[in-house]
Structures are given as C-alpha cells and as structure tokens.
Amino acid sequence: VSTRRLGRRSPAASAVLYVIIGGIVLVSLFPFFWMLVTSIKPDTAIFTRTPQFFPAHAIVSRYGDLLSGPIPRQFLNSLIVAGATTVLTGVIALMAGYALARYKVPMRRYLLVVILSMQMLPQTILVIPLFVLLRNAHLLNTFQGLVISHLALTVGMSTYVMRSFYLDIPEELEESAMVDGCGRMTAVRRIIFPLVWPGLAASSIYAFITSWNELMFSATYMQQPAKETLPVALQQYFSSY
Amino acid sequence: MTSSARELGGREHSGAPARRAGPPPHPPRRRRRRLSFDRHALPWLLLTPLAAVIIGVVGYPIVRTVWFSLHSGRYLKLGAWVGLDNFKALFSDEYFIAALIRTTVFAAVCVAATMLVSLGIALVLDAAPRAAKVLTVIVLLPWAMPRVASGIIWKWMFNDQYGVVNWALSSIGLKGFNGFAWFNNGFTSLVAITAAVVWHSVPFIAISMIAGLRSTRTEVLEAAKVDGASFTQSLIHVRLPMIRPLLFVLGIMSTIFAYQSFDHFLVMTSPPGGPSHSTEVLSLLTWLQAFAVLDAGQAAAMAIVTFVLLAIITAVYIRFNREEDQ
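This is a predicted model, so every value here is computed, not measured.

A. Main features of the overall build of chain A. Looking only at helices and strands, chain A features 12 helices and zero strands. Listing every helix and strand of chain A by position from the N terminus yields α-α-α-α-α-α-α-α-α-α-α-α. Along the first, second and third principal axes, the C-alpha set of chain A runs to 75 × 65 × 30 Å. Sorting the 241 residues of chain A into buried and exposed places 48% on the buried side. For chain A, contacts bridging at least 24 residues in sequence account for 70% of all contacts bridging at least 6. If you sum the accessible surface of chain A, you get close to 11,700 Å²; carbon and sulfur atoms cover 70% of it. Across chain A, 18 positive and 10 negative side-chain charges occur, with their mean positions spaced 9 Å apart.

Structure (structure tokens):
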C-alpha cells in the first residue's frame, strides 16, 4: 500500500516532502550533534564566529577531567535517588493499581481523579511545606528526604498506568486459580505478576526519568555539593561560568 | 443476606466442582476466613502506601501551603496571622502581575507552537509510511534529553558571538543577527526559551498525534477523496474533527506543563528571571520568593494562585477524560 501511495504523488510533492523530513531530522538531532562536537573540540575551535561543524582534530581529555572531578559522585547520587524512587514507586503502584482495578473500594472514582490530577500539580505548591517538613525531620541533604519528595511526582501517574495494565487482564484468570484453592495473593503472585511486568516496566521508566531529571526539589533540598544530583550540579556549573 | 455474604456463597458454590474432584485443600473454616480477608482487608492493605504518599507528601503540604499563605513567613518560619494580606500584596505587586501575564502568554505561545509543529510532523510521518519507523525514533529523541541539558545546549546555540543560530540567520542574509545578544532583553530571551521548550515538548505530543491520525484512515477519508476533497479540505473537515478529543487533551496537557516551566528558565536566564525581572514566570518567581527572599508567606500565596489557575484547567481535563472513558 505504502509504495502505491508514494508512487501516486507527483515528483514535486515528493521533493517537498523529503525537504520537510530533512528539516525535521536536522532540528531534532542537531542539538545532540552540537553538544557532542563541542565537547570534543579544542577551545580554539569552539570560540569561532563561523561554527566548525567538523573539527579538524578531536580531544577527549575533557571526559577524563570529568571523571576526576565531582561528576562521578553526583552521577552516583542521581542513580541512588532515581533508583530508590523507582523501586518504591513500583511497589506502591503494583499494590494500589491492583486494588483500584479489582475492588470496588468506596470513593474509587475520586481516588482515580486524585491520582490523575497529582501529575498536574504545580511543584511550587509542594516545595515550601516539604522543605519545612524535611528540615524539621532533619532530612535535608539526605537521599531519603529527596526520594520522599520525588514520590509525590511519580506515584500518581505510575499507579494509573499500572491500573490500566491490570484492567487488561481478565479477572477470570485469578478467579479460576482461587477456585482451585489458592488464596488471592498466591494467585496474583503466580499468575498476574508475570503478565503485568510490561506495565511495571512502563511505570518504572516513567518514575526513573521523572526523578532523574527533577530540578526544583533537588536544588532546594540538596545544598551540599557532595549530595547534589546531576541536574543540580549541571545547573550550578553552568550558571557559575 | 448482605451482598458480600451472597458473593461469598456464590464463590464457594463455584468452587464445588473442584472439591468434588478431590479432597479440599484447606478445612472450610480457614478458607472462609481467608476469603473474608481477601475481600475486606486486602484492598485497604494494598492502598495504604499510596494513601500514605497522597496524604503525607501531597495533601498535607497543600494544606500547609494554604496555611502559610495566611501568615507572614519570614525566613521560612510560620509567623503571625495576616489573613489575606499576602494576596492583597500580590495583586498590587507589579512584578507579580507582570509574571502572571508573562506566564500566560508564554504558555499560550508554547502550546500553539507545540501543537502546530507536532501536527505538521505527524502529518509528514503519516504521509511517508516507509520512513515512519526510523523517523519516530528520531523525533522522540529530544524528549529523552534532560531539561537542564537541553536548556544549556540551546543557550549555547543562541550565544551572541559564537552561537549557530546567529550564524545561520546572518548567513541567510539577516545581517541584523550578526552578534545579536538574545539574552539582553526580556522579549528575545523568551523567544530563545520558547524555542528550547517547544523543541523539548514536541516529541511527546507529535507521537501521540500520529497514533490519532492513523486511526482516521477509514472509509470516511476514502469517501472524501473519491468525492474530490483536496488534502487540506479532508484534513480540516474530516481528519481533524475525528481526533478533536485527542487534540483537546494534548492541548490541555501541554498548557499545564508550559505553565509550570521552571528548569529552562533557571538554566537559561542569568540572574534567574533576569535581565531586570523581564523573564520571571510564576514558578521561578515563587521559588525565588521562598528560597532567595526567604518570604514563605508571599511565596505560598503565589503558589496558591498558580494552583487555582491550573486546577481550573485540570478540572476541564479530568471532566473530558472521564467522558472519553465512558
């Protein structure tokens, strides 16, 4: 079908289409390319009025400098925070998503509205009271504190995603297992979990990316250089030069 | 007989054939107790962690912010009760009013640009099915770049002396852009920030639209073609109306995200919100008011205003979403 459709188009229309596609590819990829090229150009090739798109020679020493600086530490910090946020979010979403998909709990409608709108919440309405809470609990500059604050951003969406994956699995599956004499938890563990892992993967990726990229909470609650996550470190480094 | 007891009975009845086939796996009483646990206690147990997060990290903080907004909050400590003074002060503060208007205009421009560019990309990908798979991956890539990193690279590309944007504009004949300092005034700073934000938000919207557009390839579209409708006509009168609910939801979502933009502003403006307050948006202003000026009362009031505005937009979104579900 596709060949026939393309074949029917006039050559001029095809040409226009290819130019537009070229433009889309260029704009999408150029910032990545430019970031990479700039990072391996010698300084003299960076500060030029006419950009040098393909530098005559490349240097990789900046990457070596990175490794001896604070970046590995901050990379690890980001990994710890995003990893812990992902695991906790996954557990919470796995549990709550099941309850919301299978049980007619009272006020389920409202609970669904709440978790859907959590994603829309402005971060600024949480940032001040969470700062006070964490300060009072002596959790500023700790991974636990930041992870707790990140849960507010990840849990709603992840639970919603998990629930929709549970809904796609016919309820008869665990019912028949229960009829055969195993409890609901055993039925879920043996039969349902193996089927919903794509949902868990999707909501985990969402949680990881959200936490990994998060700046406002991280910049506010992690003020010691040794505890900074990558976005904070990057922002500070960039604004100080 | 309560409904749960009846269901319980029904469940045991359906269990009967299995029991007839062999000895029961457990004595009946234990089984009944376990079913009762599964039915009544388990859902609450499963919901407890979610409830703890919603109440502890979202609900309680919102209440605290409301409480803060009614007090003076110097040095991020709850001070004396001031009633609505914080709000009154806000709406007589020209910087806040300016930020409110600026955020709204910025969000509107971002959404319009994002939706149009995304629609264009979706149409191109829809028209070139052979290349669609590779193109989808390429188009999605900017979404994967952290916002802070994309802010940095775009600021570098808009650099006055060494930026590729000025080089490209002046080499196509716009000599005025030779050495043009984008970040010296508010308007051109916002143009550069808009470019960065739109670049980052297009992928998600475009990919969602492609799926929608594919679903419009039906007999209706063929019929329109047979009737001699041009590409533009069938787009405006057939395809777009068919995906109007999707377009609406995507529009609302990108409005909310554009309204909350923070990272790009913090990275791309120096000092944050500068030059001379000309790029302050609500999220940045609120954050600075709280953690640079250390006035939690005023900042909380700003957060409440943002919250109310977004709540109105979200309410529309939820309502629409629910109608779609039914």
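On we go from here.
B. Main features of the packing of helix H5 (residues 94-127) of chain B against helix H12 (residues 244-259) of chain B. Residue and element names in this part refer to chain B. It is the contact of H5 with H12, at a shortest axis distance of 9 Å, that shows an interaxial angle of 140°. If you check the angle between H5 and H12, you find them oblique. Judged by the sense of rotation from one axis to the other, the crossing of H5 with H12 is right-handed. Between H5 and H12, the residues in contact are Leu100, Thr103, Thr104, Phe106, Ala107, Cys110, Val111 and Met115 and Leu247, Leu250, Gly251, Ser254, Thr255, Ala258 and Tyr259, respectively. Residue classes in the contact of H5 with H12 are distributed as 10 nonpolar, five polar and no charged.

C. The arrangement of the nonpolar core in detail. Within the largest apolar cluster, 146 residues are counted, with the highest numbers of intra-cluster contacts made by Ile128 and Tyr221 of chain A together with Leu50 and Trp287 of chain B. The greatest single-element share of this core, amounting to 15 residues, is contributed by H5 of chain B. Discounting chain neighbours no more than four positions away, the residues touching Ile128 of chain A are Phe68, Leu76, Ala290, Phe291, Ala296, Ala299 and Ala300 of chain B.

D. Quick look at the interface of chain A and chain B. At the junction of the two partners, chain A supplies 87 residues and chain B supplies 92 residues. The contact between chain A and chain B buries some 7,800 Å² in all, and 76% of this surface belongs to carbon and sulfur atoms. Run the count over chain A and chain B and you get zero salt bridges. Linking chain A with chain B are nine residue pairs in polar contact (both at pLDDT 80 or more). The element best represented in the side of chain A that touches chain B is helix H2 (residues 11-40) of chain A, accounting for 15 residues. Residues of the side of chain A that touches chain B, tallied by class, amount to 61 nonpolar, 17 polar and nine charged.

E. Quick peek at a nonpolar patch on the surface. Among the surface-exposed residues, Ile205 and Ile209 of chain A together with Leu140, Trp143 and Phe204 of chain B lie close enough to one another that they form a single nonpolar patch of about 420 Å² accessible area. Put simply, the parts of the chain that give the nonpolar patch at least two residues each are helix H10 (184-213) of chain A together with helix H6 (132-144) of chain B. With a relative accessible area of 30%, Ile209 of chain A lands in the partly exposed category.

F. Quick look at the pattern of salt bridges. Summed over all chains, the structure comprises six salt bridges over all chains. Here Arg62 of chain A makes a salt bridge to Asp43 of chain A, at a shortest N to O gap of 2.8 Å. Placement of the pair is Arg62 of chain A in helix H4 (residues 61-68) and Asp43 of chain A in helix H3 (residues 43-46), with a sequence separation of 19 residues. Owing to a relative accessible area of 24%, Arg62 of chain A belongs among the partly exposed residues under this scheme. Residue Arg217 of chain B pairs with Asp126 of chain B through a salt bridge whose shortest N-O separation is 2.9 Å. Placement of the pair is Arg217 of chain B in the loop between helix H9 (186-214) and helix H10 (219-226) and Asp126 of chain B in helix H5, with a sequence separation of 91 residues. The buried category is assigned to Asp126 of chain B, whose relative accessible area is 5%. The structure contains a network of salt bridges with shared partners spanning Asp126, Arg217 and Arg239 of chain B.

G. Broad picture of unusual backbone geometry. Residue and element names in this part refer to chain B. That bond from Ser270 to Pro271 is cis: its omega, -5°, falls within 30 degrees of zero. Cis peptide bonds are those with omega within 30 degrees of zero, and the linkage from Gly274 to Pro275 qualifies with -5°. Structurally, Pro275 can be placed in the loop between helix H13 (263-268) and helix H14 (282-291). A positive phi is found at Tyr75, a non-glycine position, where the angle reads about 55°. Considering the arrangement of structural elements, one finds Tyr75 in the loop between helix H3 (28-69) and helix H4 (85-91). Of note, His277 is a non-glycine position whose phi angle comes to about 65°, a positive value.

H. Representation of the environment of Pro49 of chain B within the structure. All names here are of chain B. Its location among the elements puts Pro49 in helix H3. Accessibility expressed as a relative area gives 23% for Pro49, which makes it partly exposed. As a C-alpha pair, Pro49 and Glu94 span 45 residues in sequence and 43 Å in three-dimensional space.

I. Region of the structure containing the environment of Met118 of chain A. Within the fold, Met118 of chain A resides in helix H6 (residues 108-118). Those residues within four positions of Met118 of chain A in sequence are excluded, and the remaining contacts are Ala152 and Gly156 of chain A together with Ile54 and Val58 of chain B.

J. How the structure looks around the side chain of Asp295 of chain B. Residue and element names in this part refer to chain B. The residue Asp295 is located in the loop between H14 and helix H15 (296-325) in this model. Arg74 provides the closest opposite charge to the buried, unpaired Asp295, separated from it by 4.3 Å. Reaching out from Asp295, the side chain makes a polar contact with the backbone nitrogen of Gln298 at a distance of 3.3 Å.

K. Up close: helix H7 (residues 147-157) of chain B. Burial runs high along H7 of chain B: 10 of the 11 residues are buried. Listed as buried for H7 of chain B are Val148, Ala149, Ser150, Gly151, Ile152, Ile153, Trp154, Lys155, Trp156 and Met157 of chain B. Buried residues along H7 of chain B sit against H2, H3 and helix H12 (230-240) of chain A together with helix H8 (164-171), H9 and H13 of chain B.

L. Local environment of helix H8 (residues 143-167) of chain A. Given a rise of 1.5 Å per residue, 25 residues ought to cover 36 Å, and the 34 Å separating the end C-alpha atoms of H8 of chain A matches this to within 8%. A bend of about 40° at Thr154 of chain A is the largest found in H8 of chain A.

M. Structural context of the confidence of the model for chain A. Residue and element names in this part refer to chain A. Chain-level pLDDT for chain A is 89 on average; 96% of the residues reach the 70-or-more range. Looking over chain A, one finds the lowest element-wise mean pLDDT in helix H1 (residues 2-8), namely 46, and the highest in helix H11 (residues 216-221), namely 96. Between residues 1-7, whose pLDDT stays under 50, and residues either more than four places distant or in other chains, the model counts 10 contacts.

Reading the values: the criteria
Residues numbered from 1 in each chain as written. Chains lettered and ligands numbered in written order. Predicted model: local features only at pLDDT ≥ 70, side-chain atom pairs only at ≥ 80, totals over all residues. Heavy atoms only, no water. Helix = DSSP H or I, 4+ residues; strand = E, 2+ residues; numbered from the N terminus. Buried < 20%, exposed > 50% of the residue type's maximum accessible area, 1.4 Å probe, protein only. Contact = heavy atoms within 4.5 Å. Areas by Shrake-Rupley, 256 points an atom, 1.4 Å probe, with all protein chains shown as cover. Lys, Arg positive; Asp, Glu negative; His and termini not counted. Charge placed at Lys NZ, Arg CZ, Asp CG, Glu CD. Axes fitted to C-alpha atoms, helices over the stretch in contact; angles between N-to-C directions. Parallel < 35°, antiparallel > 145°, perpendicular 65-115°, else oblique. Left-handed = near helix turned anticlockwise from the far one by under 90°. Nonpolar A, V, L, I, M, F, W, Y, C, P; charged D, E, K, R; others polar. Core = buried A, V, L, I, M, F, W, Y, C linked by side-chain atoms within 4.5 Å. Buried area = accessible area lost by both parts, 1.4 Å probe. Salt bridge = Lys/Arg side-chain N within 4 Å of Asp/Glu carboxyl O. Polar contact = N/O pair within 3.5 Å; in protein donor to acceptor, adjacent residues only side chain to side chain. Patch = residues over 30% accessible without salt bridge, like charges linked within 9 Å, V, L, I, M, F, W, Y side chains within 5 Å. Expected span 1.5 Å × (residues − 1). Bend = angle between axes of the 7 residues up to and from the residue. pLDDT = per-residue confidence, 0-100.

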